[in-house]
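Spelled out, the chains give:
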Amino acid sequence: MNQPAARQQAAVLVPARRGVAATRTSDTQPRKATTLTRSNPTTGRGPGSEAASRSEAASGYEAGAFGHQRTGEQGRLRALQDLWDPFTEQYLGQAGVPATARCLEVGAGAGSVARMLARICPSGDVTATDIDTRFFADLATEERITVLSHDVTRDGFPTGSFDVIHARMVLCHLADPAQALAAMAEWLRPGGLLLAEDLDLGPADASPHPVMRQGLLVAERTLGASQGSDLRLGRRLQALVTGAGFVLGGMAVQPVMIGAGGPADEFWRLSFAQLRDHQARNGSPLADELDAALSLIDRPDFTDLGMHAVSVWGRKPVQPTG
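Here the structure is a predicted model, which is why all the values come from computation and not from measurement.

Regarding unusual backbone geometry
So, point 1. You will see that Arg144, though not glycine, has its phi angle at about 70°, which is positive.
So, point 2. Structurally, Arg144 can be placed in the loop between strand E3 (125-130) and strand E4 (145-149).

Focus: the side chain of Arg144
So, point 1. One buried charged residue, Arg144, remains without a salt bridge, the closest side chain of opposite sign being Glu143 at 6.2 Å.
So, point 2. A distance of 3.0 Å separates the side chain of Arg144 from the backbone oxygen of Ala118, its partner in a polar contact.
So, point 3. A polar side-chain atom of Arg144 sits 3.2 Å from the main-chain carbonyl oxygen of Gly124.

Looking at the environment of Phe267
So, point 1. Mapped onto the fold, Phe267 is located in helix H8 (residues 263-281).
So, point 2. The buried category is assigned to Phe267, whose relative accessible area is 4%.
So, point 3. Beyond its immediate sequence surroundings of up to four residues, Phe267 is in contact with Arg76, Ala79, Leu80, Leu83 and Met307.

With respect to the confidence of the model for the chain
So, point 1. Here the chain averages 84 in pLDDT, and 80% of its residues register 70 or above.
So, point 2. The low-confidence segment residues 1-58 (pLDDT under 50) makes 123 contacts with residues lying over four places distant or belonging to another chain.

A few points about the nonpolar core
So, point 1. Counting 87 residues, the largest nonpolar core has Met184, Trp268 and Phe272 as its most contacted members.
So, point 2. The element that contributes the greatest number of residues to this core is helix H3 (residues 73-95), accounting for 8 residues.
So, point 3. Beyond its immediate sequence surroundings of up to four residues, Met184 is in contact with Val106, Val152, Ile165, Ala167, Leu171 and Leu194.

A short note on the packing of aromatic side chains
So, point 1. Counted according to the given criterion, the structure contains 5 aromatic pairs.
So, point 2. Each ring, one from Phe157 and one from Phe162, has its centre 5.1 Å from the other, and the planes form 85°; the classification is edge-to-face. Grouping residues by exposure puts Phe157 and Phe162 together as buried.
So, point 3. Aromatic rings pair up to connect Phe157, Phe162 and Trp187 into one cluster.
So, point 4. The positively charged end of Arg76 is found above the aromatic ring belonging to Phe66, 3.6 Å away from the centroid.

A closer look at the packing of H3 against helix H4 (residues 112-120)
So, point 1. In the contact formed by H3 and H4, the axes pass within 10 Å of each other and the chain directions differ by 30°. Classified by the angle between their axes, H3 and H4 sit roughly parallel to one another. At the point where H3 passes H4, the crossing takes the right-handed sense. Two secondary-structure elements touch here, H3 through Gln81, Asp85, Thr88, Glu89 and Leu92 and H4 through Ser112, Val113, Met116, Leu117, Arg119 and Ile120.

Thresholds, definitions, all that
As a convention, each chain's residues are numbered from 1 in the sequence order in which they are written. With the structure being a predicted model, the display of local features is reserved for residues of pLDDT at least 70 and the display and counting of side-chain atom pairs for 80 or more, all residues being used for whole-chain, interface and lining totals. Water and hydrogen atoms were dropped before computing side-chain values, which therefore reflect all heavy atoms in the structure. Only DSSP runs of H or I covering at least 4 residues are called helices, and only runs of E covering at least 2 are called strands; the numbering of each starts at the N terminus. Type-normalised accessible area, obtained with a 1.4 Å probe on protein chains alone, sets the label of each residue: buried when under 20%, exposed when over 50%, and partly exposed for intermediate values. His is not counted, nor are the chain ends, whereas Lys and Arg count as positive and Asp and Glu as negative. What makes a salt bridge here is a side-chain nitrogen of Lys or Arg within 4 Å of a carboxyl oxygen of Asp or Glu, nothing more. Definition of a polar contact: a pair of N or O atoms within 3.5 Å, with one able to donate and the other able to accept a hydrogen when the atoms are protein atoms, and with sequence-neighbouring residues admitted only if both atoms are side-chain atoms. Residue contacts are counted whenever heavy atoms from the two residues lie within 4.5 Å of one another. Scored from 0 to 100, pLDDT records how confident the predictor is in each individual residue. In these notes, a set of buried Ala, Val, Leu, Ile, Met, Phe, Trp, Tyr and Cys residues joined through side-chain atoms within 4.5 Å is what counts as a nonpolar core. Stacked, tilted and edge-to-face are the three classes assigned to paired rings of Phe, Tyr and Trp, where Trp is represented by its six-membered ring and a pair needs centres within 6.5 Å; plane angles under 30 degrees give stacked, over 60 edge-to-face, the rest tilted. Charge-over-ring placement is defined geometrically: NZ (Lys) or CZ (Arg) within 6 Å of the ring centre, and within 35 degrees of the ring normal. Comment: axis = line fitted to C-alpha atoms, over the contacting stretch for helices; angle = value between 0 and 180 degrees taken between N-to-C directions. Any angle from 65 to 115 degrees is called roughly perpendicular, while one under 35 is roughly parallel, one over 145 is roughly antiparallel, and all others are oblique. By definition, turning the near helix anticlockwise from the far helix through less than a right angle yields a left-handed crossing, and turning it clockwise yields a right-handed one.

What follows is the structure in structure tokens.
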């Protein structure tokens, strides 16, 4: 039996106290936010085009080297969370997250941070979102977690829906990260916490290893061309967060090595392999340069600084500024 549209919409947008999977349909779309766009190098279409449907808006990322359908992407995302989760949990602790918080995880990836937030907030709840939820759909069976198919560049939530919002390695893939942050500010209640985390590939420029330096720069160009990614966004993340009106709480930068062992090496292996395969599918000679960089990772005489992991947190002002 169909529910009235207003009740269907509320079921999608209001985080539930029990695990539930929510997907968008033409009758149950979340409330529209400010129109945002994910860059699409294939079509080049901007906002306002009726032809740029929601599925097409996601296609710029999904058609790229790190699209969810790519072989190995789930493993790559799990390696990323093994690498970055300790940083994320540390900074959530420093920022202070109440046990009753209503949390939003934007771009939930393989789902580890959604689980983390549910553990940190035993009397709260978590809404875990992504344009493709296949790698964390099982979270829908867990208490206090809602799984939602949601495109941060197109879909919204009611003002003040959340106490905490976390977004990791999301903003670097968006055509307009400033607008996405403005939308997140609207979704937070006054005093609510944002933790945004992203990478800065700047260390690649100074690598003393020509093969790895070239491999990292080819990786940067590949993701920029295939899905519009900015792998140096972390360098300006603090300015983006404060520019969206958040009161800065803190910033931390962690070096991420290549060739030093541990989860970082697995992340680099899988990332280079997917980028190489993407270039090979397109018949590009750049595949060989990525393969050469990949071959260095397990050499016992090789280590390098690959990137910086940047974390910035801040709070929505209790009183409007300006």
